[in-house]
Amino acid sequence: MYRKFTVLMAAISAAVILFGCSSGKKELYIYNWSDYINEDLVKRFEEENNCKIILDYFDSNETMYAKLQAGATGYDIVFPSGYMVNMMAQQGLLLKLDQSKIPNLKNLDEKYIPFSMDENQEYSVPYMISNTGIGYLASKAGDDFDPSWNIFADPRYKGRMTMLNDMREAIGAALKYLGYSMNTIKSDELEAAKKILIGWKRNLAKFEADQYKNGLVSEEFYFSQGYSGDVYQVMEENEDINYAIPKEGTTLSSDNMVILKGSKNTDLAYAFINFLLDGKVAAENIEYVYYLAPNKEAYQYLSDEIKNEPAILMPDEILNKCEVLKDLGENNELYSKIWDEVKAAK
Amino acid sequence: MKSKKLSEIRLSMPSLLWLIIFFMIPTIIVVIISFRNSNPSGGIAPGWSLHGFSDIMSLSFAAILWRTIKLSFLTTIVCIFVAMPVAIFMARAEEKIQNLLLLLIVIPFWTNFLIRVYAWKIILHPEGLLKKILYTVGLIGEHGSLLYNEGAVLLVLVYTYLPFAILPLYTSIEKFDFRLIEAARDLGSGPFRSFMKIFLPGISQGIISAVMVVFIPALGSYVIPDMVGGPGGEMLGNKIAQRVFTDRNLPKGSALSTLLILAVILPGLIRLFIKKSNLKDVLFKRKTPGVQ
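Residues numbered from 1 in each chain as written. Chains lettered and ligands numbered in written order. Predicted model: local features only at pLDDT ≥ 70, side-chain atom pairs only at ≥ 80, totals over all residues. Heavy atoms only, no water.

(A) Broad picture of the interface of chain A and chain B. In this complex, chain A contributes 28 residues to the contact, which on the side of chain B involves 33 residues. Taken together, both faces of the contact between chain A and chain B bury some 2400 Å²; the carbon and sulfur share is 45%. Inspection of the region where chain A meets chain B yields 5 salt bridges. Between Glu127 of chain B and Arg160 of chain A there is a salt bridge whose closest N-O contact spans 2.6 Å. Across the chain A-chain B interface, the total number found is 10 residue pairs in polar contact (both at pLDDT 80 or more). Elements supplying a minimum of two residues to the side of chain A that touches chain B: strand S6 (204-207) and helix H14 (332-344) of chain A. Of the residues forming the side of chain A that touches chain B, the biggest block, 8 residues, is contributed by H14 of chain A. (Contact = heavy atoms within 4.5 Å. Buried area = accessible area lost by both parts, 1.4 Å probe. Salt bridge = Lys/Arg side-chain N within 4 Å of Asp/Glu carboxyl O. Polar contact = N/O pair within 3.5 Å; in protein donor to acceptor, adjacent residues only side chain to side chain. Helix = DSSP H or I, 4+ residues; strand = E, 2+ residues; numbered from the N terminus.)

What follows is the structure, given as structure tokens:
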């Protein structure tokens, strides 16, 4: 019985190897966040270029980084967030981009370039811009809801609100409310933000970075500081859920496309990046993932529904108040200390 | 005699190896890392320092340590008080009922721990039935929540560790000779006094085991305060997670873990000590009735 099984397995693996090679198509290995690309576009690219794309997924920058550090090879394109691009470039994992092979770089929207950590696209090309805002239940907020971080000070919603369990985001919201930079290292500004945040904390159900979206769906929480993608994702499950960007400004972050040094099919990788930067393609991608691809040629093809969504295509006056969270290196400890004090406060 | 010892070593080898590889060595690594320097990208920098332990002097750490110890202590007390009558009832019940009750206690373990905690989140949900009933009765406000406070953490901790308290109590009570109580009563001791003086000392080993298996894991709780605790419900385990995952400071995380390990080993050592001295007591007591 056991031997039969072994023989069968050997036969199957032989078949896989044989047929796997027989197609003879070029292959492109992509390592991406899940649900982060319109798969129709992937199919279209495969047909146009007579190649095969293999998609693999990660759930956090750290997982992806650990896997690559541990020696995983074979991936061509990866989609890391800004700070991770810097780290990967420093570690020598990334290919320095030959910009002549990506003519569609001209479509990038200059407004959003400062939010990328690699402003000259030396190693990376911005893929999608996401932001942090407030997911809320419209029925509880009322018609006169004016999106502000100070909603967390409202005692009417005590015990039914959450903020992100992420020190940079939570302290950042308080800093923004006070009109300071989210990357400040001035101790008086951080102290002031700490006081505000401790006041907000007394009204919170909890600091929560993950389950808040389910909490919104089940109406456990009325207001949650959250990531745009998360909130848009659960809107289908409860129509009462809305999303707003606070008027004081917020965090933007970009995910980027990079080519790994070990890539075997660089030309195909360049072609794929160029393909995603095409205006029409980018528009289709935005419609699918509900994030903003910073592509000025794409906006004209967007449906009205997306065009009128201020949390995707932000008005300039809010955009100007937004920032990207920078890695503060040693100064991270300033934030850890404030965060410890906020968490321990009564 | 010699061959008996050899076979003993051979028998305990697998578990000993297991302990050394998966407990001793990782623990030692954690202790070593706690004395290293950190670098901002989350790694370990060359050189040695006590910087990892710098947290311990801060006020915010004292608050978390106090909460951790308080919650673990309360969990232990409540578990023992609830488990005691259950264990007594089980030990004195008919064998059929005994087996049934044992099965009922073990059955929840067939369901994943996380799912059981989620079940509590549903039971205590602010839009749930329980909350609605309490609201109608007027015990809680419209926007109030039963979740995300220390009470919820305590409740779920007790729920989680209760079986671990019942089982050792049950085994030691089952062995207890209830005729001793009858004898005490015959000799004029009241029910309370015979309970305190005869019954409790008689099952002291069971009580100590129950306290250990509840208190020690409760100290290291991470998931429960994370899921049902509020913004002020952090325990030591959550702080360690924060140090490692968000602060990217391995030495600081390791320093807190080292403290936790010490806190866990210390009661274990105390238990060992008590066991030894108690053994003498037990031997001594066994002799006395024989002499009488």
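(B) Quick peek at empty space enclosed by the protein. Residues and elements named next belong to chain A. Tallied over the full model, the rule gives 4 cavities of 30 Å³ or more. There is about 70 Å³ of room inside the largest cavity. The set of elements that each furnish at least two residues to the lining of the largest cavity consists of strand S4 (124-137) and helix H11 (279-289). Partitioning the lining of the largest cavity into residue classes produces 10 nonpolar, 2 polar and no charged. (1 Å grid on protein atoms, 1.4 Å probe; cavity = no way out; pocket = protein on both sides within 12 Å on 5 of 7 lines; lining within 4 Å. Points joined across faces, edges and corners; volume = space filled by probe spheres on them. Nonpolar A, V, L, I, M, F, W, Y, C, P; charged D, E, K, R; others polar.)

(C) Examining the domain arrangement of chain A more closely. Residues and elements named next belong to chain A. Entries for chain A in the domain assignment read domain 1 (7-129 + 254-312) and domain 2 (130-251 + 323-344). Relative to domain 2, the C-alpha centre of domain 1 lies at a distance of 30 Å. When the buried surface of domain 1 facing domain 2 is broken down by residue, Phe115, Tyr291 and Ala311 rank first, second and third, together holding 45% of it. At the surface where domain 1 touches domain 2, the tally comes to 0 salt bridges. Viewed at the interface, domain 2 and domain 1 are joined by 2 residue pairs in polar contact (both at pLDDT 80 or more). Of the residues contributing to the side of domain 1 that touches domain 2, the split by class is 10 nonpolar, no polar and 1 charged. (Domains from an automatic or database assignment.)

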